[in-house]
Structure formats: structure tokens, C-alpha cells
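Observations on the three-dimensional arrangement
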Amino acid sequence: MAARKRTSSLANSAKPAPSEPVPSPAEQKATVSGEDFRLAPPKLGVIFVISSLLCSIYLYLLCFHYNVDNELKRPILINAGLSLVGFFVTLKLIPVAARYVLRRNMFGFDINKRGTRQGEVKVPESLGIVVGIVFLIVAIVFQFFNFTEDSVWLVEYNAALASICFMILLGFVDDVLDVPWRVKLLLPSFATLPLLMAYAGHTTIVIPKPLVSYVGLEVLDLGRIYKLYMALLAVFCTNSINIHAGLNGLEIGQTVVIAAAILIHNVMQIGASIDTEYHQAHAFSIYLTQPLMATSLAMLAYNWYPSAVFVGDTYTVFAGMTMAVVGILGHFSETLLIFFLPQVLNFLLSLPQLAGIVKCPRHRLPKFDPATGLLTGAKDGTLVNVYLRIFGRKSEKSLCIHLLVFQGLACAFCFMLRHFLAGWYK
């Protein structure tokens, strides 16, 4: 989380005294242009370890464990190749974009390092715009290799991209204008409109078997209520990533872990079913999740502790919307919510402050001790603070790793739950 500064240093600076030398226009331009700025190198070693742990299971299931039809595997692998290109393009563009945002004085100070030299460094803000743009380019280029003009999935695919693009725009507007919380809650509702209007899938839900005797139906058609549910799911996913934040690498880290779980779930469902339409729905989800994961890993290389850049609300709302879209169009929204278990818990802890029942400060961050470099849990209702209050003080890097492991355990719990309830629950 960053304490943002938006005003121009030239516009707000006091007029120099007559005895002080007035800087030349060239010197003034150099002061605010960020041309002399040098970004710390990406932490590619960390990314290699994380990607190896998360992607190896997915690639094994896709290429070796399940006998996935070649006509389905081919576009998935093409999409993976384009996503890999997106990874390297994102790596190259982040330093360039960092200089541009510094020219506009879009930077922040790392509050969790206040009182140290790192806490005085101007960190470029809103770099999530790079991830969003590269993601959209990869997703659009992929259409050339997979969809025909009469494809039944093309309309929903473009509607999904329109909703994601809309959310990127609104997220960047939020970073620039610092939109109030009440407005933030409504923004995803507008961004989902293209998807809701183009959605032509089923609006039914399968009643759990233990409840069939009470309801009297095995399948219930919700009609327009289902679209309302879709909109509410998008609002939750988008904002839940945004409020479970405040540590270097946490926003992107949780997205990468959930994206890996989504990929594994999709390929497992493809391997366990013989329904062609079911295969296409989960392949559709893969087509959007792979570029999300690849571009996010590139950003994580710069955002891992200590962060060289901040992703801003642009990234968090974009990532949340993308995962909501793949859950909706892949027809596994229940599973997605279990993947989001830490975010659900964080939302419930935050609800009294978000609802205005309890005073909500601008930054609900733990307390940092510059002498020891450790964080102490504050009284605010966030998972970050509650975790520190329960397990004691930790460094920022250690705390982030603990929370990402918890995210991974939540995803593993979801797979176990589906395994034990299969055939009994639904």
C-alpha cells in the first residue's frame, strides 16, 4: 500500500528567493521527467521458483496425465506460447512505463518501511496498467488462432474482454482520481454490463442431492436472478483482491496462486468429462487465465519484496474481474469462491469498517518498527493484521510468504472438498 502523491513538484514548489539560482528549463524537465530513474532488476530467480511450483502440476496434467483431445490441446498450447511472449514483453515494458508515470508524479512511499532509507524512495505507482494492456493484446491476438467468424464462443469471448478492458480503465481512473470506497463498490457493476448483455449460457443451478427431496427439483432455472448473481460475484472478486493487500507481492502473489488453481481445476474437469460443450467452457477459462498468470508473474518480478514498483488499483480490479469472468463463463463459480476463501475471510473481517460501523482509516496496515524491521498487527479488521495478532510479529517478506501459503492451502482444501463430496453433494 502506498501513500500517494499526485501533484506536480513544479506546480507546488515555492518560488525561489532572489538570491537562489533559478533552474534552467532543461534542469526543470530533468527533475520531473524520471529519465535518470533506474529500476531495480527483476527478481527472476524468485519467479522461476514460484512458476515451477505452480505450473508443473498443471502442465503434467495437461500433457501427460489426461488424454486431452489434440484439437483442444493445440489452442491451449498456442495460448500458452503467446502468454510466454506476453511475459517477456511485460518484463521489458515495466521499466519504460515506470519512467512515464514518474514524469506525472505518480509515485508512492512504502509505508511498511517508514523510518528507513527504503521508506524514502519514490516507488512508481499504477504499473498494473502494463499488465492489463499486454493481457488484452495477447487475448486479442489469440482469436486469430482459435476462433472463426461464426464461432458461438466469439461473442462471449469479446464481451469478456470488453468487461475486463472496462475494469482496467476504471481501475486506472481510480489510481489517478482516488475514487471513494462507495464508488469503488459500484464500478465492477458497470464493467460487467458487456458480459451480462452478451451472456447466452445457461441460467440454471444444480440443486445439491441432500436438498432435492425438500426443493422438489434437481435443476432450478434462476433466469435473470442468475445474471444478478454474476454481477455480485464480479463485484466481490474485484474488490476482494483490492482490500486483501498492503504487503509487497501480496496482491499479485494471491492472484498467481488462484490462477494456478483455476488452471489445474479446468484441466481436471476436461480430463474427467466427455461432454464437448463442457470441454469448451473450461478451455475458454484456460484461454484467459494463462495470459493473466504469465503477465502477473512478470509484474511479480518487480513487485516482490522489496518492491521496485506498485501495481495500484488498476491491477487489483483487473485481476479480480478476469478471475470472475473465467469463473462465470467456465461455470465453476462455487469452486472459485472456495479458491477465494482467504479473501472471503478478509472481507468478513473488514465488513464492520467498510460498512462504517467502525472507524476505517485510509491505510489499514500493520505497525512497522524501523529498529527491528518487524510488523505488528494493528486493531484494524484485515486478515493481515489478524494473522500478526495471532502468530506474532513478522517481517514483511515472511508475512507475505505465510499468507500466500495460506492461499495455497485454501485452494488445496477446495480440491479435497470436491473429491470427497463428488457423487454425494452433486
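Scroll up to find the structure this text is about.
Keep in mind that what you see is a predicted model, and the values were worked out from it rather than measured. (Residues numbered from 1 in each chain as written. Predicted model: local features only at pLDDT ≥ 70, side-chain atom pairs only at ≥ 80, totals over all residues. Heavy atoms only, no water.)

1. Comments concerning the overall build of the protein chain
- On a plain count of helices and strands, the protein chain comes out with 17 helices and seven strands.
- For the protein chain, the C-alpha atoms occupy an extent of roughly 85 × 50 × 40 Å along the three principal directions.
- Here the protein chain holds 426 residues, and the buried ones make up 50% of them.
- Of all intrachain contacts in the protein chain linking residues separated by at least 6 positions in sequence, the fraction that spans at least 24 positions is 76%.
- Summed over all atoms, the accessible surface of the protein chain reaches about 20600 Å², with 67% contributed by carbon and sulfur. (Helix = DSSP H or I, 4+ residues; strand = E, 2+ residues; numbered from the N terminus. Buried < 20%, exposed > 50% of the residue type's maximum accessible area, 1.4 Å probe, protein only. Contact = heavy atoms within 4.5 Å. Areas by Shrake-Rupley, 256 points an atom, 1.4 Å probe, with all protein chains shown as cover.)

2. What about the packing of helix α4 (residues 70-103) against helix α12 (residues 276-303)?
- Packing of α4 against α12 leaves a shortest axis separation of 8 Å and a crossing angle of 20 degrees. As far as their axial angle goes, α12 and α4 are roughly parallel. Two packed elements cross with a definite hand, and for α4 against α12 that hand is right-handed.
- A per-class count over the contact of α4 with α12 returns 18 nonpolar, eight polar and no charged. (Axes fitted to C-alpha atoms, helices over the stretch in contact; angles between N-to-C directions. Parallel < 35°, antiparallel > 145°, perpendicular 65-115°, else oblique. Left-handed = near helix turned anticlockwise from the far one by under 90°. Nonpolar A, V, L, I, M, F, W, Y, C, P; charged D, E, K, R; others polar.)

3. Details of the nonpolar core
- Within the largest apolar cluster, 113 residues are counted, with the highest numbers of intra-cluster contacts made by Tyr157 and Leu288.
- When residues in this core are grouped by element, the largest group, 15 residues, is from α12.
- Those residues in contact with Tyr157 that lie beyond four places of it in its chain are Ala139, Phe142, Gln143, Phe147, Phe284, Tyr287 and Leu288. (Core = buried A, V, L, I, M, F, W, Y, C linked by side-chain atoms within 4.5 Å.)

4. Thoughts on helix α3 (residues 44-65)
- If you look at α3, its biggest bend is around 40 degrees, right at Cys55.
- Taken residue by residue, α3 has Ile47, Ile50, Ser51, Tyr58, Leu61 and Leu62 as its buried positions. (Bend = angle between axes of the 7 residues up to and from the residue.)

5. A word on the pattern of salt bridges
- The full count for this structure, using the stated rule, is three salt bridges.
- Notably, a salt bridge pairs Asp110 with Lys113, separated by 2.7 Å at the nearest N-O pair.
- The salt bridge involving Glu396 is made with Lys113; its shortest N-O contact spans 3.1 Å. Here the residue Glu396 occupies a position in helix α17 (residues 396-421), and Lys113 occupies one in the loop between β2 (107-110) and β3 (123-124), the gap between them amounting to 283 residues. (Salt bridge = Lys/Arg side-chain N within 4 Å of Asp/Glu carboxyl O.)

6. Remarks on the side chain of Gln269
- Counting through the fold element by element, Gln269 comes out in helix α11 (residues 250-272).
- For Gln269, a relative accessible area of 14% translates into the label buried.
- A polar contact of 2.8 Å, which involves the side chain of Gln269, links it to the side chain of Tyr278. (Polar contact = N/O pair within 3.5 Å; in protein donor to acceptor, adjacent residues only side chain to side chain.)

7. Overview of empty space enclosed by the protein
- A complete count under the given rule lists two cavities of 30 Å³ or more for this structure.
- Taken as a whole, the second largest cavity holds about 50 Å³ of empty space.
- In terms of lining residues, the second largest cavity is bounded by Met167, Leu170, Gly171, Asp174, Lys184, Leu187, Asn239, Asn242 and Val317.
- Those elements giving two or more residues to the lining of the second largest cavity turn out to be α6 (154-177), α7 (181-191) and α10 (224-243). (1 Å grid on protein atoms, 1.4 Å probe; cavity = no way out; pocket = protein on both sides within 12 Å on 5 of 7 lines; lining within 4 Å. Points joined across faces, edges and corners; volume = space filled by probe spheres on them.)

8. So, α6
- In this model, α6 (24 residues) spans 34 Å end to end at C-alpha, consistent with the 34 Å of a helix rising 1.5 Å per residue.
- With its phi angle positive at about 55 degrees, Asp178 sits one or two positions after the end of α6. (Expected span 1.5 Å × (residues − 1).)

9. Digging into the packing of α6 against helix α13 (residues 312-329)
- The interhelical angle for the contact between α6 and α13, taken along N-to-C directions, is 160 degrees, at an axis separation of 7 Å. Overall, the two elements α6 and α13 adopt an arrangement that is roughly antiparallel. In this structure, α6 crosses over α13, and the sense of that crossing is right-handed. Of α13, the residues touching α6 (which contributes Glu156, Ala160, Ser163, Ile164, Met167, Ile168, Gly171, Phe172, Asp174 and Asp175) are Gly312, Asp313, Thr314, Val317, Phe318, Met321, Thr322, Val325 and Leu329.
- Classifying every residue of the contact of α6 with α13 by side-chain character gives 10 nonpolar, five polar and four charged.

10. Observations regarding the packing of aromatic side chains
- With the rule as written, the count across this model stands at 18 aromatic pairs.
- For the pair Tyr157 and Phe284, a centre-to-centre distance of 5.6 Å together with 85 degrees between the ring planes defines the contact as edge-to-face. Taken together, the residues span a long stretch of sequence, with Tyr157 in helix α6 and Phe284 in helix α12 at a distance of 127 residues. As far as the burial class goes, Tyr157 and Phe284 line up, both buried.
- Here the aromatic rings of Tyr199 and Tyr226 are separated by 6.2 Å at their centres, their planes lie at 25 degrees, and the arrangement is stacked. Residue Tyr199 is found in the loop between α8 (193-198) and β4 (204-206), and its partner Tyr226 is found in helix α10; the two are separated by 27 residues along the sequence. (Phe/Tyr/Trp six-rings, centres within 6.5 Å; stacked < 30°, edge-to-face > 60°.)

In short, shape yes, function no, at least from these values alone.
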